[in-house]
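# What the coordinates show
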Amino acid sequence: PPYGREIGKWVKKAYESAENGATVVCLIPSWTDTKWWHDYCMKASQIFLFKGRIKFVRIDGKRAPAPFPSCLVVFTPNKLGGFPEVGPLTTWAKL
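In short, a report on the structure. Every value quoted in this text rests on a predicted model; they were computed, and no experiment measured them.

What follows deals with the nonpolar core. Counting 17 residues, the largest nonpolar core has V11, I28, W36, W37, C41, V73 and F75 as its most contacted members. When residues of this core are traced back to their parent elements, those giving at least two are α1 (7–19), β1 (24–29), α2 (35–39) and β5 (70–75). With 5 residues, α1 is the single largest residue contributor to this core. In terms of nonpolar packing, the next biggest core, distinct from the first, is built from 7 residues, F50, I54, A66 and V74 among them.

Turning next to the packing of aromatic side chains. Considering all chains together, one arrives at 5 aromatic pairs under this definition. Pairing Y15 with F75 gives two aromatic rings, centres 6.0 Å apart and planes at 85 degrees, and the pair type is edge-to-face. Of this pair, Y15 sits in helix α1 while F75 sits in strand β5, placing them 60 residues apart in sequence. Of the two residues, Y15 and F75, neither departs from the other in class, the shared state being buried. Residues W31 and W36 carry aromatic rings whose centres are separated by 6.5 Å and whose planes lie at 65 degrees to one another, so their mutual orientation is edge-to-face. The class for W31 is partly exposed, based on a relative accessible area of 28%. Of the aromatic side chains, those joined through ring pairs into one cluster are W31, W36, W37 and F68.

Scoring rules and cut-offs
- Residues numbered from 1 in each chain as written.
- Predicted model: local features only at pLDDT ≥ 70, side-chain atom pairs only at ≥ 80, totals over all residues.
- Heavy atoms only, no water.
- Core = buried A, V, L, I, M, F, W, Y, C linked by side-chain atoms within 4.5 Å.
- Buried < 20%, exposed > 50% of the residue type's maximum accessible area, 1.4 Å probe, protein only.
- Helix = DSSP H or I, 4+ residues; strand = E, 2+ residues; numbered from the N terminus.
- Phe/Tyr/Trp six-rings, centres within 6.5 Å; stacked < 30°, edge-to-face > 60°.

Structure below.
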């Protein structure tokens with residue numbers, strides 16, 4: 001989803017899409033102090049945390065770190081509503 005003030009609406013849409021049968025993976029800020037995090041992310045199937053800040057490749061080819069911590073939140077049909085499985089992303093994929 002796009003970052004910014006509208007991110008809560010995108011996370012809600014991801015959650016609702018999973019309720020309707022889709023699997024949705026979101027790369028989002030790990031802002032655990034927000035309403036949308038507790039309303040939707042805490043009902044996700046899985047949350048993968050990054051160690052350190054992820055880096056994006058800019059148009060000029062240089063890498064730039066994200067200005068905030070990030071995570072992957074996975075919404076899977078039939079696995080919503082309980083406490084999510086949480087773990088470091090490094091156990092899931094090599095960065």
